[in-house]
Amino acid sequence: MKTNTTNKICPVCKLHDQDIIRKWNTGEKTTYKCARCGKFTITQMAERTTKRKNLGPKLSSWIRNLSELEMEVPEINTNCLVEIEQSIPEYNPSDKQYLFLRNISRKSRHPGDVLSILPELDYPLAWASAPDEILFYIRFLVERGFLTLTDNKGFRYAPGNNSISVAISPLGWNYLDEYEQRAIELSQAFVAMSFSKSMSKIWEQAIKPAINEAGYKAYRIDSTQDHYKFNIKIIDEIRNSLFVVAEVTENKNYVYFEAGYAVGRNLPVIWCVHKNDIDNVHFDTKKCNHVSWKTPEELKSKLYDVICVAVGRRKKI
Ligand SMILES: [Zn+2]
């Protein structure tokens, strides 16, 4: 393995400094250690796709947040990029403020602990795409009373050097507790799939165990309810879910309706289909990457892997 620690550019965030370490594992993939993203291995083809599709900011945040959670960053190949692109929601500014505050809380050793944030390197902590964006969230969190600035530098900031010292306020800790309580309650994965007898076997043997093993509660609607109650229940349960598994084998319209509702709510949707049914998949969703399977064992194993990459594995419930 060749190692080169001269100045290089991170292919994800374009950081150019001495903190980038390149290691050529093979001719096809490279390991980087970036002061902004963290450590990751990416294939050459994935590097090109990242550039072409402008996935840099999202990918940088994804890598950095996995590193912050001390989770292993899977090798980034083109399949992985498709999952990231389709499954990570476009976070709104309110989500990003929460995610940033949560990252600061993880770094805090105790309430009142003062942390130094370097916007130039730390903006992926807020799923932001530039230093200015994280500065905006810091300002807003201070105004909301959730963060306190612990020095007098204010927000004057010149790229590359000025750090900002912040601490989470008591109000901020309360906000995190309330938000996280809701996140604990939201451990559900909604499953949209055909109600046929053969697919019920797939639910029991593959989908439900894959979701449970990833640490989530699998929820499938009860098909015996009357039509009106059925629709209300669907909307309600999707709202109470963290993500949706859409199993489109047998091509049922209600499965597309449920998945479409989840997409509209910015929830990650993981599509699955039996290999024999791939050609029958609805036109609009053909462009999405499907977990294709032949046996329940194959679906269980692939679905588990995709959930871990797309949503993250959580402690067993
Ligand atoms: Zn980087």
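Before reading on, note that the structure itself is shown above.
Everything quoted here is computed from the prediction, not taken from an experiment.

Draft legend 1. Spatial organisation of the overall build of the protein chain. Tallying secondary structure elements over the protein chain gives 11 helices and 14 strands in all. The burial tally for the protein chain puts 47% of its 317 residues in the buried class. Looking at the protein chain alone, contacts between residues at least 24 apart form 60% of all its contacts between residues at least 6 apart. On the protein chain, roughly 16300 Å² of surface is accessible, and the fraction owed to carbon and sulfur atoms is 50%.

Draft legend 2. A look at the coordination of the zinc ion. In the first shell of the zinc ion, the protein supplies Cys10 (SG), Cys13 (SG), Cys34 (SG) and Cys37 (SG), at 2.2 to 2.3 Å from the metal. Of note is the zinc ion, whose four donor atoms meet at the metal with angles of 101 to 115° in an arrangement that counts as tetrahedral.

Draft legend 3. Geometry of the nonpolar core. Core analysis: the largest hydrophobic core is formed by 46 residues, its most contacted members being Phe40, Leu59, Trp62, Ile63, Ile76, Phe100 and Leu147. Counting only domains with at least three residues in this core, you end up with domain 1 (2–87) and domain 2 (93–182). Discounting residues that sit within four places of it in the chain, Ile76 has contacts with Phe40, Thr41, Ile42, Thr43, Ala46, Leu59, Trp62, Ile63 and Leu81. Within the second largest apolar cluster, 24 residues are counted, among which are Tyr216, Ala218, Leu303 and Val306.

Draft legend 4. Quick peek at the environment of Arg144. Note that Arg144 resides in the loop between α6 (131–143) and β8 (147–149). Judged by its relative accessible area of 30%, Arg144 is partly exposed. A C-alpha to C-alpha distance of 9.0 Å links Arg144 and Leu171, two positions 27 residues apart in sequence. Beyond its immediate sequence surroundings of up to four residues, Arg144 is in contact with Gln97, Leu171 and Tyr175.

Draft legend 5. Spatial organisation of helix α10 (residues 253–264). Taking 1.5 Å of rise per residue, 12 residues should cover 16 Å, and α10 covers 17 Å from first to last C-alpha, within 8% of that figure. Buried residues of α10: Val255, Tyr256, Glu258, Ala259 and Ala262, and no others. Each buried residue of α10 sits inside an arc of 165° when the element is viewed along its axis, so together they form one side. Among the exposed residues of α10, those oriented more than 90 degrees off its buried face are Asn253 and Gly264.

Each value, and the rule that gives it
Position labels on residues start from 1 in each chain and follow its written sequence. Totals for whole chains, interfaces and linings use all residues, but because this is a predicted model, local features are given only for residues with pLDDT of at least 70 and pairs of side-chain atoms are given and counted only at 80 or more. Values reported for side chains reflect all heavy atoms of the structure, with hydrogen atoms and water molecules removed beforehand. Only DSSP runs of H or I reaching four residues or more are called helices, and only runs of E reaching two or more are called strands; each is numbered from the N terminus. For each residue, the accessible area found with a 1.4 Å probe, counting protein chains only, is set against the maximum for its type, and the residue is called buried under 20%, exposed over 50%, and partly exposed in between. What makes two residues a contact is simply this: any of their non-hydrogen atoms within 4.5 Å. Throughout, the Shrake-Rupley method with a 1.4 Å probe supplies accessible areas, and for residues the shown protein chains are the sole cover considered. The donor definition counts N, O and S atoms within 2.8 Å of each metal and applies 3.2 Å to Na, K and Ca; water is not among these atoms, so some sites may look incomplete. Tetrahedral means four donors with every angle between 85 and 135 degrees, whereas square planar (four donors) and octahedral (six donors) require angles over 155 degrees between opposite donors and between 65 and 115 for all others; sites fitting neither are termed irregular. As used in this record, nonpolar core signifies buried Ala, Val, Leu, Ile, Met, Phe, Trp, Tyr and Cys residues forming a set joined through side-chain atoms within 4.5 Å. All the domain ranges listed were derived from an automatic or database domain assignment. By this rule the span expected of a helix is its residue count minus one, scaled by 1.5 Å. Regarding the arc, it is the one traced by the directions from the helix axis to the C-beta atoms.

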